[in-house]
Amino acid sequence: MSKNVLVLADVRDGELRNVTLECLAAGTTAAEGGTVTVAVFGSKGNDMVEKLSHYGADQVLLVTNSELDQYTTDGYFQAFKAVIEKVNPEVILTGHTAVGRDVSPRIAARFDIGMVSDCTAVDLTEGRLVFTRPIYAGKAFVKKSFKEGTVLATLRPNNIPAMEADTSRSATAEELSVDLPADSIRTLVKELVRKASDGVDLSEARVIVSGGRGVKSADGFKPLQELADVLGAAVGASRGACDAEYCDYALQIGQTGKVVTPDLYIACGISGAIQHLAGMSNSKVIVAINKDPEASIFSVADYGIVGDLFEVVPMLTEEFKKLLA
Ligand code: FAD
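Residues numbered from 1 in each chain as written. Predicted model: local features only at pLDDT ≥ 70, side-chain atom pairs only at ≥ 80, totals over all residues. Heavy atoms only, no water.

1. Re the overall build of the protein chain
Move 1: Summing up its helical and strand segments, the protein chain has eight helices and 17 strands in all.
Move 2: For the C-alpha atoms alone, the extent of the protein chain along its principal axes is close to 60 × 50 × 40 Å.
Move 3: With 325 residues in all, the protein chain has 50% of them scored as buried.
Move 4: Residue pairs at least 24 apart in sequence account for 65% of intrachain contacts in the protein chain once pairs closer than 6 positions are excluded.
Move 5: A total accessible area of about 15700 Å² is found for the protein chain, and carbon and sulfur atoms account for 49% of it.
Move 6: Positive and negative charge centroids in the protein chain, built from 32 and 43 side chains respectively, lie 5 Å apart. (Helix = DSSP H or I, 4+ residues; strand = E, 2+ residues; numbered from the N terminus. Buried < 20%, exposed > 50% of the residue type's maximum accessible area, 1.4 Å probe, protein only. Contact = heavy atoms within 4.5 Å. Areas by Shrake-Rupley, 256 points an atom, 1.4 Å probe, with all protein chains shown as cover. Lys, Arg positive; Asp, Glu negative; His and termini not counted. Charge placed at Lys NZ, Arg CZ, Asp CG, Glu CD.)

The following block contains the structure:
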């Protein structure tokens, strides 16, 4: 049965994030021939209509208030609520990102609808929409479906492939006027200070070079950064490295840090505690470098290198430089 699907675009610094295209792919599956609408908040939405239509949007709703250029819980909640009241969707999808994680539960509570978070797959099985999500810190997966009513799901970035761009597609675009009185937005964002280095965004990175307590100091991250630069990768870290003040907590991957699913995860001097694995064990290929052959990280690694990271990492950097020259 065809469904009305609504996707909330994830926009950061005026740029559309890939997870929105992944939501469109899942939304197209869920719609079963119905309409896929994307809501874009902020003044740059018009620039994104073409791309969104190429990747599966049938309709783009633009809420262009400049108050929405910067995420605030109140602003996004009110705009999202207005969009839902207009579209009346049966399925709502957002990225499992800082934005989606913050606004989605509020929307689910406000509309009293079912919600499933951090999904890694969305399938149609015997006419029923089935959402897959990890449980027990990524040790197992559960499949969920809802008997009735609207469902809201947040999708983990880098798991559901976006569709091939179809440049022959075009979507209708419509502006939706939403009244956002200044006193209804209780948060005032004065300045945005980026904590992580200005490199690749961790949660959407295709390649991550990650360091643990084994790097031994802040300077110990330098060879990892050099490897990351050659690979166009992001640098991540274990909590051990963050706790030891070798790097900022913005880099932490794991149960209480970021959850990542890159194509390649290179773990350097990380023991492989369950809380770290919770954030990276779904990476497509895992390479572990550790001088302890018994380290738990090797149990999830596709390739293991037993050795000193300060010898191995520079060697990898040199080899990749030659390969990628
Ligand atoms: P260690 O366990 O100290 O491991 C360092 C590794 O480096 C060792 O395996 C060692 O053999 C290797 N090594 C040392 N020198 C070298 C060298 N020269 N070359 C190669 N290898 C070397 N952790 C997270 O990462 N993310 C989380 O989100 C997280 N959340 C947590 C939540 C809770 C509630 C709790 C209780 C813990 C959490 N932790 C988390 C902490 C976690 O349990 C571990 O303590 C942490 O992951 C260990 O970090 P590490 O692997 O860098 O350090």
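2. Quick look at the UniProt feature "domain: Electron transfer flavoprotein alpha/beta-subunit N-terminal" (unreviewed entry) in the protein chain
Move 1: In the UniProt entry, the feature "domain: Electron transfer flavoprotein alpha/beta-subunit N-terminal" (unreviewed entry) is given for residues 5–191.
Move 2: Taken end to end, residues 5–191 has its terminal C-alpha atoms 34 Å apart, with 26% of it in helix and 30% in strand. (UniProt positions renumbered as here; feature names shortened; annotations may be inferred.)

3. Topic: the packing of helix 3 (residues 73–87) against helix 4 (residues 98–111)
Move 1: Close contact between helix 3 and helix 4 brings their axes to 10 Å; oriented N to C, the two are set at 50°. One finds that helix 3 runs oblique with respect to helix 4. The handedness of the crossing between helix 3 and helix 4 comes out as right-handed. Residues T73, Y76, F77, F80, K81, I84 and E85 of helix 3 form the contact with helix 4, whose own contacting residues are V99, D102, V103, R106, I107, R110 and F111.
Move 2: Grouping the constituent residues of the contact of helix 3 with helix 4 by class yields eight nonpolar, one polar and five charged. (Axes fitted to C-alpha atoms, helices over the stretch in contact; angles between N-to-C directions. Parallel < 35°, antiparallel > 145°, perpendicular 65-115°, else oblique. Left-handed = near helix turned anticlockwise from the far one by under 90°. Nonpolar A, V, L, I, M, F, W, Y, C, P; charged D, E, K, R; others polar.)

4. Focus on the pattern of salt bridges
Move 1: Summed over all chains, the structure comprises 14 salt bridges.
Move 2: For the salt bridge of D219 with K222, the shortest nitrogen-to-oxygen distance reads 3.4 Å.
Move 3: Several salt bridges share partner residues, and in doing so they unite R206, D263 and K284 into one network. (Salt bridge = Lys/Arg side-chain N within 4 Å of Asp/Glu carboxyl O.)

5. Section: the state of the cysteines
Move 1: All chains considered together, the criterion is met by zero disulfides.
Move 2: C119 supplies the cysteine sulfur nearest to C23, a cysteine that is in no disulfide, at a spacing of 9.7 Å.
Move 3: For C23, a relative accessible area of 1% gives the class buried.
Move 4: Its sulfur unpaired, C242 is 3.8 Å from the next cysteine sulfur, which belongs to C247. (Disulfide = S-S within 2.5 Å.)

6. A short note on helix 3
Move 1: Taking 1.5 Å per residue as the helical rise, helix 3 with its 15 residues ought to reach 21 Å, and the 21 Å between its terminal C-alpha atoms agrees with that figure.
Move 2: Listed as buried for helix 3 are T73, D74, G75, Y76, F77, A79, F80, V83, I84 and V87.
Move 3: Each element contacted by the buried residues of helix 3 is listed here: strand 1 (5–8), strand 4 (36–41), strand 5 (59–63), strand 6 (91–95) and helix 4.
Move 4: At the C-terminal side of helix 3, N88 shows a positive phi close to 55°. (Expected span 1.5 Å × (residues − 1).)

7. A closer look at the site of the ligand
Move 1: Taken together, 26 residues form the shell around the ligand, and within it R213, S238, T256, S271 and N290 come nearest.
Move 2: Measuring from an oxygen atom of the ligand, one finds a side-chain N or O atom of Q275 at 2.8 Å.
Move 3: Note that an oxygen atom of the ligand is positioned 2.7 Å from one of the side-chain N or O atoms of N290.
Move 4: Protein chains shield 76% of the accessible area of the ligand, which is 980 Å² for the free molecule.
Move 5: Put simply, the parts of the chain that give the shell around the ligand at least two residues each are helix 6 (239–243), helix 7 (274–280) and helix 8 (309–324).
Move 6: Along the lines of polarity and charge, the residues of the shell around the ligand split into five nonpolar, 15 polar and six charged. (Near = heavy atom within 4 Å. Polar contact = N/O pair within 3.5 Å; in protein donor to acceptor, adjacent residues only side chain to side chain.)

8. Remarks on the environment of E191
Move 1: For E191, the location among the structural elements is in the loop between strand 12 (172–175) and strand 13 (207–211).
Move 2: Taking C-alpha positions, E191 is 41 Å from D308, a pair spaced 117 residues apart along the chain.

9. Examining the nonpolar core
Move 1: In terms of nonpolar packing, the biggest core is built from 34 residues, with L24, V40, L52, L93, F131 and L155 touching the most fellow members.
Move 2: Take this core: its biggest share by element is seven residues, from helix 1 (residues 18–31).
Move 3: When near neighbours in sequence (up to four residues on either side) are disregarded, L155 contacts V19, E22, C23, A26, L93, T94, G95, H96, C119, V122 and I160.
Move 4: Counting residues in hydrophobic clusters, the runner-up holds 25 residues, among them L68, F77, I84 and I107. (Core = buried A, V, L, I, M, F, W, Y, C linked by side-chain atoms within 4.5 Å.)

10. Observations regarding the packing of helix 5 (residues 222–231) against helix 8
Move 1: Look at helix 5 against helix 8: their axes get within 9 Å of each other, and the N-to-C directions meet at 20°. Relative to helix 8, the element helix 5 is oriented roughly parallel. When you trace helix 5 past helix 8, the crossing you get is left-handed. Between helix 5 and helix 8, the residues in contact are P223, L224, E226, L227, V230 and L231 and L309, F310, V313, L316, T317, F320, K321 and L324, respectively.
Move 2: Taken together, the residues that form the contact of helix 5 with helix 8 break down as eleven nonpolar, one polar and two charged.

11. Considering the environment of G45
Move 1: Inspection of the secondary structure puts G45 in the loop between strand 4 and helix 2 (49–54).
Move 2: Since its relative accessible area comes to 1%, G45 is described here as buried.

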